[in-house]
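# A closer look at the structure
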Amino acid sequence: MKLGTSTASELIRGLWRGPYWWLVPVLLLLLPAAILFVFLQAVPFVAPFVYTVF
């Protein structure tokens, strides 16, 4: 799926070159946390504890 990777790389390139370069570290911290929460919600015993965080 080349379209998705080109869109993601364009977004990161635009953030880095534009006035919002400071958002890159924020995204690098929040993206893995979001992915972790999505995978933890798939586990039935952990899901109720993840839901209480939000």
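As shown above, the structure is provided for reference.
Right, let's walk through the structure included here. Keep in mind it's a predicted model, so treat the numbers as computed, not measured. (Residues numbered from 1 in each chain as written. Predicted model: local features only at pLDDT ≥ 70, side-chain atom pairs only at ≥ 80, totals over all residues. Heavy atoms only, no water.)

### Observations concerning the overall build of the chain
Under the convention used in this document: Numbered from the N terminus, helices here are DSSP runs of H or I no shorter than four residues, and strands are runs of E no shorter than two. Only protein chains enter the accessibility calculation, which uses a 1.4 Å probe; a residue is then buried when its area is under 20% of its type maximum, exposed when over 50%, and partly exposed in between. Values of accessible area rely on a 1.4 Å probe in the Shrake-Rupley scheme; residue burial ignores everything except the protein chains shown.
Within the chain one finds three helices and zero strands. Secondary structure elements in the chain, listed N-terminal to C-terminal, are α-α-α. Out of the 54 residues in the chain, the part that is buried amounts to 7%. Carbon and sulfur atoms make up 79% of the accessible area of the chain, which amounts to about 4,900 Å² in all.

### Looking at a nonpolar patch on the surface
Counted only if it meets this: Patch construction takes residues with relative accessible area above 30% that form no salt bridge. Like charges are linked within 9 Å, and nonpolar side chains (Val, Leu, Ile, Met, Phe, Trp, Tyr) are linked within 5 Å. Any carboxyl oxygen of Asp or Glu within 4 Å of a side-chain nitrogen of Lys or Arg constitutes a salt bridge here.
A contiguous nonpolar surface patch, about 860 Å² in accessible area, is contributed by Trp16, Tyr20, Trp21, Trp22, Val26, Leu29 and Leu30. Per-element accounting of the nonpolar patch gives the leading share, three residues, to helix α2 (residues 23-41).

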